[in-house]
Amino acid sequence: MLTFLGYTLIFLALLVSVYLVFRPEASSDPLVRTTSMAAQSAPFLFLATSFLIEATTLDLVSRYVGDGLPLFYRISAVWGSRSGPLLMWASMMSVITWVMSRDHMVDSTAIRVMHSWTALLLLVSAGLRPFSPAIPGSAGEISPLLQTDLMVIHPPVVFVYYSLCLATASIALSGLIMARPSKETHASMIRWARYSFLAGTVGIGLGGLWAYTVLDWGGYWAWDPVETGSLLPWLALLAILHSRARAQASNPFAFTPALGLICGALVMHATLVTRANGVWASVHAFVGDGENSLPRDPYVRVVEIIDFTAVGFEVLVYLLAVMGLLCLSVAHVLREQRAQVAAMGSQTLFETNRTLAISLLVYFAAVGLWIGSSAVLFFGLAIMILLIFGDRDEPPVHWVSMGVLLMLFSGWGWVSEWYQSLAGIVPFLLVWVIPEEEKDDFSWIIGAITDANKRATFSRSFPWYLSMAFLLLTWILLTVEIEGTNIAAHEYYGAPLISLLAIGLALYAWGEKISGKAGTALLVFTTIVSVLLAANSGSLELPGNQSHPITDSISRGALSVFILTWLVFAIPPTLVRLWHKSREIIPELLRSGGTSQPSKARLLGTHVAHAGILILLVGHVLTTTLVDRTDPSHFVTLEKDVPTEHQGMELMFTEVEIFSAEEDGYDYEIGDGYVGVVIEVRDEGEILGTIRPGMLRFDSPSGAVSARSEVDRMSGMTGDTIVILDLLQSNELLSSMILGQTDQVEEVRVTIHHLPGSHLVWSGWLLVILGSALSSLPRPSVGMRNNTPFE
């Protein structure tokens, strides 16, 4: 009965979605809008209810809801399968589509696109058979890592983020289909981009908090493929939000719709990374069915796991969505460039020298095939197409720069050898040097530094350019992380971009109050200081593993000091600017009740977010860049009742704790047993606190035993001290328990991470959320003023 009812609801949801794709005018009726939202949400609500009431006649419920699973964790069990998250995603898409249909700046074409996405998600989930009847003997339970409070909250927030990104992409696609001006499309989509950015900030941060409190590696961010995949759309949104501030752009909104389409593509790419497990190894990928393959190109691996099964079809849908949206973004930019070239009465390279243009395309295609990376081949050809169809006399410098950066990043990320990267750079530079006209001498760069007015204008565009460069770098590095993450590469190659971001935010905070000469002197002085401090970082007292190399010639301490110098350089003027704006704006907001001054609230939100990101980055350097979590210095052996000094703390192992779920001392609602140790933290004999790291045991109905680390921490004024009991040590303690020898355990091994600055990460994250929320406030009336889109 439940199976029949579930599939009936999916069929009706699909029928409604397809109907509204072909009859968008029906969405103008409030009753139809509400009914369609209810119909599209019904399959997920039915599945969630089945989990809550433990309807074990359904296969998913039988396999993911174990005996005695608390009510709260039955919710997270819904997205432990392949089909559950998709039904939840479709439900969220329906709600957002309902809200979009009430926005008069969103046209019917965008609504049709949204219903198309919903129908596609429902179709894929139906193929995965979410309401199949239970098979005898198929009882199981969800992953121990999902049995946490944060995993009840984090996935829904992430799918809200993804849904809002698809809303942004749908509006951009509607603008492309209807051939609307980019400025008009930007005005329609910017609101949804802001909401997406806010949801992404919350969702990504919650994922980091889950990793920090649950996983046993002692950090919040490790450039895991799923983490990195979810960050990429956020970077695209960051560029969209700063697009109007681009310096020297005749039409700053020209590329915004393309970025919206790229944002949608990156959402599908993040889903592909998560759900094509076996291509990218990740602790977050709980639903992977793929198996590792031999090709080193991840997208070739993706193609290899596509077959005629439901999972193969699902992966195919994501891959086609990524490729389709990326191609449409290129189509949009080509349309904009064609209009600009025609308006200037100029011609493209393809029109003036077709043979050379085709030769350049063929040459780069050969280089891309030689390198053997589908990502480099696709991006490089796309950039080359945009170059040869750009202005011949004034080739777009941004595309030349992007092509050069692509090849540099591919070399840095070990995608290509240095000589292959050099060969790939040649055609991009050739397009730039072909015109006979005198080149720009880039004197504007000098002016942007020495002239206070130009500097203030130029500083506003820093986030746009840096977010695009960081997105490209991170994506390229992701393509080589199919067997494991290279944290050092992300930290090292991202360091110059983070430093430039700090410079940009400092210049923005200065405004025109600092003269050109004073500003230039400050930049030169800070550059010298950053280099000198980095060169002498070994003489400084830093937390973590400052002397450990992050490359063959640069230590973690040197890299961290270089970044911290620029962050410290940027924080004071940013906080001063925030203070002045707060004193100016907050009283006005209080007088008006906060409703009639949204533009002032947005300005305040911008400054709050800037301060937050700088503070977060300081915490990141102290807790991630400086820390080598594989270093043996973090592995500590403690003898029973013997004080041990470690990083300024006195630790003493006092006893072993072992409980089964039936005992009175068992403090957990989940799991079947617990083993841990008690460690006292002392200062000159006085007990400061107690740390209890341990391990939860989970016995599955199949007889398999799994475990989850119970990390414990002690928080201080400067940061956290995290203590982890590893699986090997807990197994030894369990063996001692079985033999009745727990009283004879005389020493234990634990992993300890002392993380000064960890509070800065979470403080900065909360400030970015607050700033994003203020910046997302809607205006009293939505529309155009003087034919100019406003934000």
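Higher on the page you've got the structure.
Figured I'd write up the structure that's included with this text. (Residues numbered from 1 in each chain as written. Predicted model: local features only at pLDDT ≥ 70, side-chain atom pairs only at ≥ 80, totals over all residues. Heavy atoms only, no water.)

**As for the pairing of strand 8 (residues 712-715)**
Phase 1 of the analysis: Judged from the four bridges that link them, strand 8 and strand 9 (residues 719-724) form a sheet pairing that is antiparallel. Bridge pairing in strand 9 links serine 715 to aspartate 720.
Phase 2 of the analysis: Hairpin connection of strand 8 to strand 9: three residues between the antiparallel strands. (Pairing = 2+ DSSP bridges. Helix = DSSP H or I, 4+ residues; strand = E, 2+ residues; numbered from the N terminus.)

**Some remarks on the packing of helix 15 (residues 374-388) against helix 17 (residues 418-433)**
Phase 1 of the analysis: Look at helix 15 against helix 17: their axes get within 11 Å of each other, and the N-to-C directions meet at 10°. Compared by their axis directions, helix 15 and helix 17 come out roughly parallel. For the pair helix 15 and helix 17, contact is made by Gly380, Ile383, Met384 and Leu387 and by Pro427, Phe428 and Val431, respectively.
Phase 2 of the analysis: For the contact of helix 15 with helix 17, the residue count by class is six nonpolar, one polar and no charged. (Axes fitted to C-alpha atoms, helices over the stretch in contact; angles between N-to-C directions. Parallel < 35°, antiparallel > 145°, perpendicular 65-115°, else oblique. Contact = heavy atoms within 4.5 Å. Nonpolar A, V, L, I, M, F, W, Y, C, P; charged D, E, K, R; others polar.)

**What to know about a nonpolar patch on the surface**
Phase 1 of the analysis: Taken together, Trp370, Trp418, Tyr419 and Leu422 make up a surface patch of nonpolar side chains, about 510 Å² in accessible area.
Phase 2 of the analysis: The greatest single-element share of the nonpolar patch, amounting to three residues, is contributed by helix 17.
Phase 3 of the analysis: Turning to its location among the elements, tyrosine 419 is positioned in helix 17. (Patch = residues over 30% accessible without salt bridge, like charges linked within 9 Å, V, L, I, M, F, W, Y side chains within 5 Å. Areas by Shrake-Rupley, 256 points an atom, 1.4 Å probe, with all protein chains shown as cover. Salt bridge = Lys/Arg side-chain N within 4 Å of Asp/Glu carboxyl O.)

**Some thoughts on unusual backbone geometry**
Among all residues save glycine, negative phi is the norm, and among peptide bonds the norm is trans.
Phase 1 of the analysis: The residue aspartate 641 is not glycine, and still its phi comes out positive at about 60°.
Phase 2 of the analysis: Note that aspartate 641 resides in the loop between strand 1 (635-639) and strand 2 (644-646).
Phase 3 of the analysis: Take aspartate 641: its relative accessible area is 48%, and that puts it in the partly exposed class.
Phase 4 of the analysis: In the Ramachandran plot, glutamine 647 falls in the positive-phi region, its phi being about 50° despite a non-glycine side chain.
Phase 5 of the analysis: Its location among the elements puts glutamine 647 in the loop between strand 2 and strand 3 (649-660). (Buried < 20%, exposed > 50% of the residue type's maximum accessible area, 1.4 Å probe, protein only.)

**Describing the pattern of salt bridges**
Phase 1 of the analysis: If you walk through the whole model with that rule in mind, you get 15 salt bridges.
Phase 2 of the analysis: Across the pair glutamate 336 and arginine 335 runs a salt bridge whose closest N-O atoms are separated by 3.4 Å.

**Examining the packing of aromatic side chains**
Phase 1 of the analysis: Summed over all chains, the structure comprises 31 aromatic pairs.
Phase 2 of the analysis: With 5.8 Å between their ring centres and 75° between their planes, phenylalanine 378 and phenylalanine 379 make a pair best called edge-to-face.
Phase 3 of the analysis: On the accessibility criterion, phenylalanine 378 (28% relative accessible area) is partly exposed.
Phase 4 of the analysis: A relative accessible area of 13% means that phenylalanine 379 is categorised as buried. (Phe/Tyr/Trp six-rings, centres within 6.5 Å; stacked < 30°, edge-to-face > 60°.)

Honestly, that's just the spatial picture; any functional story needs more than this.
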